[in-house]
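Here is how the chains run, residue by residue.
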Amino acid sequence: MTTKPDLQRQFFDMLMESQSWSPTSLLEYQRGQLSQLIIHAKKQVPFYATRLDAVIGQDGGINWDRWSKIPILTRKDMTERGDELLARSVPQAHGQRTMSRTSGTTGAAITLSSTQLAQVALNANRFRSYRWNQMDWAKDICSIFGDNPTQATFPNGARLGSWGPPWDPASAAGELWQINRFTSNEDVLKFMERIKPAYLGTGPKTAQALALEAERLGVSIKFDVFLPQGSMLGQLERETMQRVFGAHTAELYSSKEAGQLAHGCPSGEGLHVNAETVLVEILDEYGKPASVGQSGRVIVTPFYNSAQPLIRYEQGDIAQWMPTCGCGRTLPKISGLIGRSTGIFYHPDGRARAAYLRMADRQLLGASEWQISQTGPHLFEVRYVPVDWQIVGDEAAIATRIRAAYFEDAEVRFVRVVGIEPGPNGKIAEYVNNWLPRQATPRS
Ligand SMILES: [Zn+2]
């Protein structure tokens with residue numbers, strides 16, 4: 001039997017090859033994985049007893065042309081029918097099951113179940129992204145995390161051992177250092193001056209605050225790569241990491257439910273989907289696959305989640321496909337701008353729109369941060385933090401952009417603010433619907 005470290009290495013080796021597979025080979029591989037998942041789900045998971053019948057033929061084969069007939073799985077389904085989503089048993093090769101509970105700050109708690117194989121897939125994706133960013137597992141990571149103020153305290157932090165692939169002897173030299181989230185920025189900076197990490201892992205807002213404090217104190221700390229955790233980061237944080245720490249950002253798009261979905265392309269813009277471990281669909285306002293450059297809802301189907309199959313799960317984000325990447329990786333690429341589904345705007349006539357304005361638009365307005373909110377059937381409000389309070393940007397041009405991007409009869413108000421309140425999840429949502437006739441279920 002293959003042991004876990006061997007399997008981990010095999011999986012990683014496959015991903016290093018499959019990232020340049022032809023679209024036909026990738027599709028074939030995905031369908032192979034999806035077929036197994038669908039057959040397993042129908043047999044072992046009460047929730048799917050009949051739900052997948054639209055795609056399962058008389059002979060047990062899958063009719064891929066009917067894929068879109070499978071209903072979208074929502075977070076509401078998970079909160080209300082979570083137990084029905086748990087498999088009675090999982091294939092032996094998928095290893096032990098794990099259970100965890102996630103209590104969303106906005107939604108009801110949900111139970112998540114996973115397998116060892118899903119963890120192996122997650123690790124392999126992680127190692128691949130480290131490799132994309134030319135990270136050296138013999139070097140150290142400083143990670144600011146943990147909500148226990150008595151653990152991983154200043155000045156010593158905690159040493160959590162190596163973080164690289166277990167099969168590579170170089171990993172033994174690399175250390176993962178932890179310092180808890182209650183440590184003051186000043187102390188975190190002292191800690192980093194001492195351990196001199198090559199990489200920093202923490203939430204984007206924490207990193208942003210740390211960088212501003214370093215600037216204020218005149219502390220010069222450099223490291224190579226910033227590993228954002230927990231949420232997508234904006235242009236502002238990316239630029240700050242570069243300016244203050246000289247660090248490049250390795251972007252990650254992940255969720256508690258579906259694991260690691262996509263990693264930033266090291267060549268620049270966008271994120272490559274981990275298409276060997278998850279099917280990502282982007283659907284337009286009519287539920288049809290969105291074309292390149294068109295915004296839509298992200299729907300995911302992780303392949304290895306046999307303990308709790310999520311088949312066509314509404315991730316709660318908005319993204320766009322980008323054109324084929326020039327970096328040589330053939331994995332589909334999505335825009336790095338991921339918005340929450342709560343940023344879907346609705347017209348009283350039933351039309352729904354989810355589109356991004358461009359970074360250039362925000363600059364035209366002279367805003368460092370902004371939030372575009374639907375506040376009434378026809379009313380939109382743009383709240384923004386001016387870079388310079390003496391200068392009023394081109395509000396008329398932005399109003400025109402909003403009418404073009406969303407609804408031609410939109411009325412747009414501008415409100416200059418000193419700061420934008422983060423949402424219940426601690427993140428600033430750039431697109432919010434405060435009118436909400438048909439708001440998607442919030443999630444953590
Ligand atoms: Zn690329």
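It should be noted that the structure appears before, not after, this text.
Residues numbered from 1 in each chain as written. Predicted model: local features only at pLDDT ≥ 70, side-chain atom pairs only at ≥ 80, totals over all residues. Heavy atoms only, no water.

### Quick notes on the overall build of the protein
Here is the rule: For the purposes of this entry, the term helix denotes a DSSP run of H or I that reaches at least four residues, the term strand denotes a run of E that reaches at least two, and both are numbered from the N terminus. We take the radius of gyration over the C-alpha atoms and set the globule estimate at 2.2 Å times the residue count to the 0.38 power. Buried, partly exposed and exposed residues are distinguished by accessible area as a fraction of the type maximum, computed with a 1.4 Å probe on protein chains only: under 20%, between the cut-offs, and over 50%, respectively. By the convention used here, residues are in contact when the closest approach between their heavy atoms is within 4.5 Å. Only the protein chains shown count as cover for residues, and all accessible areas are computed by the Shrake-Rupley method using a 1.4 Å probe. Here the positive residues are Lys and Arg and the negative ones are Asp and Glu; neither His nor the chain ends is included. Charge coordinates come from a single atom per side chain, which is NZ of Lys, CZ of Arg, CG of Asp or CD of Glu.
Looking only at helices and strands, the protein has nine helices and 22 strands in total. Here the C-alpha radius of gyration of the protein, 23 Å, is about what a compact globule of 444 residues would show, namely 22 Å. Along the three orthogonal principal directions, the C-alpha set of the protein runs to about 70 × 60 × 40 Å. Each of the 444 residues in the protein was classed as buried or not, and the buried ones make up 50%. Contacts spanning at least 24 positions in sequence make up 67% of the contacts within the protein whose residues lie at least 6 apart. Accessible surface, the protein as shown: approximately 20,300 Å² in total, 51% of it carbon and sulfur. One way to put it: in the protein the 47 positive side-chain charges average out to a point 3 Å from where the 45 negative ones average out.

### Thoughts on the sheet that holds strand E3 (residues 141-144)
Rule in force here: Two strands form a pair only when DSSP identifies at least two bridges running between them. Helix axes are fitted only over the stretch in contact, all axes being lines through C-alpha atoms; the angle between N-to-C directions runs from 0 to 180 degrees.
On the basis of which strands lie adjacent, the open sheet formed by six strands has the order E4-E5-E3-E6-E7-E8 and mixed pairing. The two strands at the open ends of the sheet, each matched to only one other strand, are strand E4 (158-159) and strand E8 (248-249). Bridge analysis of E3 against strand E6 (residues 199-202) gives three bridges, and the strand direction is parallel. Bridging from a neighbouring strand, Ile141 pairs with Tyr199 of E6. Where helix H5 (residues 185-195) meets the sheet, it contacts E3, strand E5 (176-179) and E6, and its direction lies at approximately 160° from that of E5.

### Some details on the coordination of the zinc ion
Heads up, the condition is: Note on donors: an N, O or S atom is included if it sits within 2.8 Å of the metal, or within 3.2 Å for Na, K and Ca, and water is never included, so sites can look incomplete. Any coordination sphere not matching a tetrahedral pattern (four donors, all angles between 85 and 135 degrees) or a square planar or octahedral pattern (four or six donors, opposite donors over 155 degrees apart, other angles between 65 and 115) is reported as irregular.
Here the zinc ion is held by the protein donor atoms Cys265 (SG), His272 (NE2), Cys325 (SG) and Cys327 (SG), which lie 2.1 to 2.3 Å from it. Taken together, the four donor atoms coordinating the zinc ion and their angles of 103 to 115° define a geometry best described as tetrahedral. In the primary sequence, the donor residues of the zinc ion line up as C-x6-H-x52-C-x1-C. Judged by relative accessible area, Cys325 falls into the buried class, the value being 12%.

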